[in-house]
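Take a look at the letters that make up each chain.
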Amino acid sequence: GYPLSAEGILVSGGSMANFTALAAARRAMTPGNVREEGLSGPDRPRMTVYASDQVHSCVDKAVDLLGIGTNQLRKIPSDDRFRIRMDELERAVASDRAAGFSPAIVVGNAGTVNTGAIDPLDALADFCRRESLWFHADGAYGALAAIVPELKPFFSGMERADSIATDPHKWLYVPYEAGATLVREPGLLAAAFRKFPEYLAADPESPFPGPAWFAERGVELSRGFKA
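Residues numbered from 1 in each chain as written. Predicted model: local features only at pLDDT ≥ 70, side-chain atom pairs only at ≥ 80, totals over all residues. Heavy atoms only, no water.

The strand order β1-β7-β6-β5-β4-β2-β3 describes an open sheet built from 7 strands, whose pairing is mixed. On the outer flanks of this sheet lie β1 (7-11) and β3 (73-76), each paired with one strand and no other. Taking the axes of each pair of neighbouring strands and ignoring which way they run, one obtains an average angle of 20° across the sheet. Pairing geometry for strand β5 (residues 134-139) and strand β6 (residues 163-166), over 4 bridges, is parallel. Residue Gly-139 lies in a different strand from β6, and its bridge partner there is Thr-166. Against the sheet, helix α4 (residues 86-98) engages β2 (47-52), β3 and β4 (102-109), with an angle of about 170° to β2. (Pairing = 2+ DSSP bridges. Helix = DSSP H or I, 4+ residues; strand = E, 2+ residues; numbered from the N terminus. Axes fitted to C-alpha atoms, helices over the stretch in contact; angles between N-to-C directions. Contact = heavy atoms within 4.5 Å.)

Next comes the structure, spelled out in structure tokens:
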């Protein structure tokens, strides 16, 4: 459901897909230039991230490695269907704002590995828009099920996410390595990752770079052909 202007990159798997998306989110949601200034210091925002208690462990790794810190990852209780409780999410965001934190990112599950649970993605999209938060959908397990017309309604709201992580090696049964990050707004991946050294400079008329420099959309420079 994303617009054609959306951008993405194929990565090694779901963990790297989520990491890549959250890196773009960190860059977009931090005042100033977090790439140069970092997150440390008394004048820097105390960024907080929200996800249900069913979220995949790779999100813990991402907030750790991105310098946000796992103490700032709020695990919101889930209901009897293993979906994030919106009332608890709203309460946590309001409490953090009152305490001087900077709520920034909400991770919604578009199918969990343990149970297949799908968070109320439409409600999350509404909430994030209202609260000016980045909405990331972890669809590593389930997002590609939306290709099936009968299943698409279960994922309503995912198309409104700022970013989506998918893992084609699951439902599409393609070999490793085959994860994918999608970001709705063009240019945000490059804003998070662009670092163009002189030794990569090329004639602008050369076909070598292709339609995009994929090193500007993710962590890796040297990488195998994943398509």
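Time to look at the side chain of Thr-112. Tracing the backbone shows Thr-112 in the loop between β4 and α5 (121-131). Side chain to side chain, Thr-112 and Thr-115 meet in a polar contact 3.0 Å long. (Polar contact = N/O pair within 3.5 Å; in protein donor to acceptor, adjacent residues only side chain to side chain.)

Let us now look at the pairing of β4. Within β4, 7 of the 8 residues are buried, which leaves the element mostly enclosed by the surrounding structure. Sheet analysis places β2 next to β4, joined by 4 bridges and oriented parallel. Counterpart to Met-47 in the pairing with β4 is Ser-102. In this structure, β4 lies alongside β5, joined through 5 bridges in parallel fashion. For Gly-108, the partnering residue across the bridge sits in β5 and is Ala-137. (Buried < 20%, exposed > 50% of the residue type's maximum accessible area, 1.4 Å probe, protein only.)

Judged by side-chain polarity, Val-113, Tyr-141, Ile-147, Val-148, Trp-171, Leu-172 and Val-174 come together as a nonpolar surface patch covering roughly 600 Å² of accessible area. On the secondary structure map, Ile-147 appears in the loop between β5 and β6. Accessibility expressed as a relative area gives 59% for Ile-147, which makes it exposed. (Patch = residues over 30% accessible without salt bridge, like charges linked within 9 Å, V, L, I, M, F, W, Y side chains within 5 Å. Areas by Shrake-Rupley, 256 points an atom, 1.4 Å probe, with all protein chains shown as cover. Salt bridge = Lys/Arg side-chain N within 4 Å of Asp/Glu carboxyl O.)

The omega torsion across Tyr-176 and Glu-177 is 0°, close enough to zero to call that bond cis. Within the secondary structure, Glu-177 is located in the loop between β6 and β7 (179-183). A positive phi angle, near 65°, is found at Phe-82, a position not held by glycine. Inspection of the secondary structure puts Phe-82 in the loop between β3 and α4. Backbone geometry places Tyr-173, a non-glycine residue, at a positive phi of 55°. Within the secondary structure, Tyr-173 sits in the loop between β6 and β7. The class of Tyr-173 is exposed, set by a relative accessible area of 73%.

On to the packing of aromatic side chains. Scanning the model with the defined rule gives 0 aromatic pairs in all. The ring of Phe-101 is capped by Arg-46, whose NZ or CZ atom sits 3.9 Å from the centre of that ring. A cation over a ring is seen here: Arg-74 above Phe-101, with NZ or CZ 4.9 Å from the ring centre. (Phe/Tyr/Trp six-rings, centres within 6.5 Å; stacked < 30°, edge-to-face > 60°. Lys NZ or Arg CZ within 6 Å of the ring centre and 35° of its normal.)

Time to look at the pattern of salt bridges. Taken as a whole, this structure holds 15 salt bridges when the rule is applied. One salt bridge connects Arg-97 with Glu-131, and the closest N-O pair in it is separated by 2.5 Å. With Arg-97 in helix α4 and Glu-131 in helix α5, the pair connects residues that are 34 residues apart, well separated along the chain. Assessed through its relative accessible area of 36%, Arg-97 is described here as partly exposed. Of the charged contacts, one joins Glu-220 and Arg-223 as a salt bridge, the two residues approaching to 3.9 Å between their closest N and O atoms. In the salt-bridge network here, residues are joined through shared partners; they are Arg-85, Asp-87, Glu-88 and Arg-91.

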